[in-house]
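Structural characterization, general
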Amino acid sequence: MSDLSNLDSVQGVELSAEQMRGILSQIDLDLLNLVRDGKLSALKYGVGGAAGQQTDRAANLRALLEARDYYQKLLSSQPGWTVSQASM
């Protein structure tokens, strides 16, 4: 699939609370896997391919923590309950 040149054809809906909880669970799993068994270190590793990008695990940890904070705030901003009223 080729890259988009603009966002005109992109559609979406807001994430549900359940979807946000799923994203948080995946981030928590990624964090756990990153820090267990001494995997968290300042060692750099590369990603193969034309870009040849490199990063370190501390940068990945920071990015995951920032993403987790974002989704937690998004989830916390959801209303705790929905009130409805019948009309007669």
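Higher on the page you've got the structure.
Summarised in this report is the structure supplied together with it. Remember, predicted model here, so these are calculated numbers, not experimental data. (Residues numbered from 1 in each chain as written. Predicted model: local features only at pLDDT ≥ 70, side-chain atom pairs only at ≥ 80, totals over all residues. Heavy atoms only, no water.)

1. Observations regarding helix H2 (residues 57-76)
Residues spaced three or four apart along an α-helix point in a common direction, a consequence of the helix completing one turn every 3.6 residues. Across its 20 residues, H2 extends 28 Å between first and last C-alpha, which sits within 8% of the 28 Å expected from 1.5 Å per residue. Every buried residue of H2 is listed here: Leu 61, Leu 64 and Leu 75. The arc that holds every buried residue of H2, seen down its axis, measures 65°, which confines them to one face. Away from its buried face, by an angle of more than 90 degrees, H2 presents the exposed residues Glu 66 and Lys 73. Here the buried face of H2 lies against helix H1 (17-35). (Helix = DSSP H or I, 4+ residues; strand = E, 2+ residues; numbered from the N terminus. Expected span 1.5 Å × (residues − 1). Buried < 20%, exposed > 50% of the residue type's maximum accessible area, 1.4 Å probe, protein only. Arc of directions from axis to C-beta. Contact = heavy atoms within 4.5 Å.)

2. Concerning H1
Taking 1.5 Å of rise per residue, the 19 residues of H1 would be expected to cover 27 Å, and the 27 Å separating its terminal C-alpha atoms lies within 8% of that figure. Of all the residues in H1, the buried ones are Met 20, Leu 24, Ile 27, Leu 31 and Leu 34. Around the axis of H1, the buried residues are gathered within 85° of arc, so they sit on the same side. Here the buried face of H1 lies against H2.

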